[in-house]
Amino acid sequence: ETGVTQTPRHLVMGMTNKKSLKCEQHLGHNAMYWYKQSAKKPLELMFVYSLEERVENNSVPSRFSPECPNSSHLFLHLHTLQPEDSALYLCASSLGSDRGSSPLHFGNGTRLTVT
Amino acid sequence: AQSVTQPDIHITVSEGASLELRCNYSYGATPYLFWYVQSPGQGLQLLLKYFSGDTLVQGIKGFEAEFKRSQSSFNLRKPSVHWSDAAEYFCAVGAHNQGGKLIFGQGTELSVKP
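The rules behind each value
Residues numbered from 1 in each chain as written. Chains lettered and ligands numbered in written order. Predicted model: local features only at pLDDT ≥ 70, side-chain atom pairs only at ≥ 80, totals over all residues. Heavy atoms only, no water. Disulfide = S-S within 2.5 Å. Helix = DSSP H or I, 4+ residues; strand = E, 2+ residues; numbered from the N terminus. Buried < 20%, exposed > 50% of the residue type's maximum accessible area, 1.4 Å probe, protein only. Core = buried A, V, L, I, M, F, W, Y, C linked by side-chain atoms within 4.5 Å. Contact = heavy atoms within 4.5 Å.

In this section: the state of the cysteines. What is meant by a disulfide is a covalent connection between two cysteines, made through their sulfur atoms. Evaluation of the coordinates by the stated rule reveals two disulfides over all chains. For Cys 23 of chain A, the disulfide goes to Cys 91 of chain A, at an S-S distance of 1.9 Å. Judged by the torsion about the S-S bond (-75°), the Cys 23 of chain A/Cys 91 of chain A disulfide is left-handed. Of the two residues, Cys 23 of chain A sits in strand β3 (residues 18-25) while Cys 91 of chain A sits in strand β9 (residues 87-94), which places them 68 residues apart along the sequence. For the residue pair Cys 23 of chain A and Cys 91 of chain A, the accessibility class agrees, reading buried in each case. Each sulfur of the disulfide joining Cys 23 of chain B and Cys 91 of chain B lies 1.9 Å from the other. Judged by the sign of its S-S torsion, about -65°, the bond between Cys 23 of chain B and Cys 91 of chain B is left-handed. Of this pair, Cys 23 of chain B sits in the loop between β3 (19-21) and β4 (24-26) while Cys 91 of chain B sits in strand β10 (residues 87-94), and the two are 68 residues apart along the sequence. An identical accessibility class is assigned to Cys 23 of chain B and Cys 91 of chain B; each is buried. A disulfide-free cysteine, Cys 68 of chain A has its sulfur positioned 9.0 Å from the sulfur of Cys 91 of chain A, the nearest such atom.

Put into structure tokens, the structure is as follows:
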């Protein structure tokens, strides 16, 4: 399997649930990212991990908790979400978070609906 | 601060017609510029990128883009659109030391009519 794989593809959860999104990359990259894509809004960068260390957290609420156990895997743990958190969550990877010439490779996303 | 503007939210073109999608950016230095395409239910796929050198860059699927510093633009073009090109297109800007921390435009949705 190649590229960036995200699971699940779709997730419906209540506001009191706890769930996790998973991302796995098979590209040998050492930087991974979570982006949020909401309708009618530009993609929003949420978190950046480089060599398993978080290097960026763009003022994301604490109900979103990322985890990067190794350079190939990235998780986004969710708890007590709000309906406005419903969106497409995209994982991406690149060769390096400090290398602007390294393009992002995206997964197909997890469509999250919070009820 | 960096920013990207895609003035056209939605464009419809006839199959076989030419296409130009507009992108304007704001950045103090020479930017890294990207175009991505997103089909329904999919992630974003890189079409092409500009870092330096020749201002006309070729990408996949017959797309090209031209960097015009004087106009702060990086418009995407295709001479003849195919029905399979219907998708959403995103322009993005980055900096040399900021890796994948890209700033994206709002996207342009392309419809192709037969």
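Still more to cover.
Our next topic: the nonpolar core. Counting 26 residues, the largest nonpolar core has Leu 19, Trp 35, Leu 47, Leu 48, Phe 74, Leu 76 and Tyr 89 of chain B as its most contacted members. Of all elements in the fold, only β2 (10-14), β3, β5 (32-38), β6 (44-50), β8 (64-68), β9 (73-78), β10 and β12 (108-113) of chain B reach the threshold of two or more residues within this core. No other element matches β10 of chain B, which puts four residues into this core. With residues up to four places along the chain from it excluded, the contact list for Leu 47 of chain B reads Trp 35, Tyr 36, Val 37, Gly 59, Ile 60, Lys 61, Phe 63, Leu 76 and Tyr 89 of chain B. Of all hydrophobic cores here, the second largest spans 22 residues; its members include Met 32, Trp 34, Val 60 and Phe 64 of chain A.

With that out of the way, let us pick up unusual backbone geometry. In this structure, the amide linkage connecting Thr 7 of chain A to the following residue, Pro 8 of chain A, adopts the cis form with an omega of -10°. In this fold, Pro 8 of chain A is placed in the loop between β1 (4-7) and β2 (10-13). Here Lys 61 of chain B, not a glycine, exhibits a phi torsion of approximately 60°, which is positive. For Lys 61 of chain B, the location among the structural elements is in the loop between β7 (56-58) and β8. Of note, Ser 72 of chain B is a non-glycine position whose phi angle comes to about 50°, a positive value. With respect to the element layout, Ser 72 of chain B can be found in the loop between β8 and β9. Ser 72 of chain B gets classed as partly exposed once you look at its relative accessible area, which sits at 27%.

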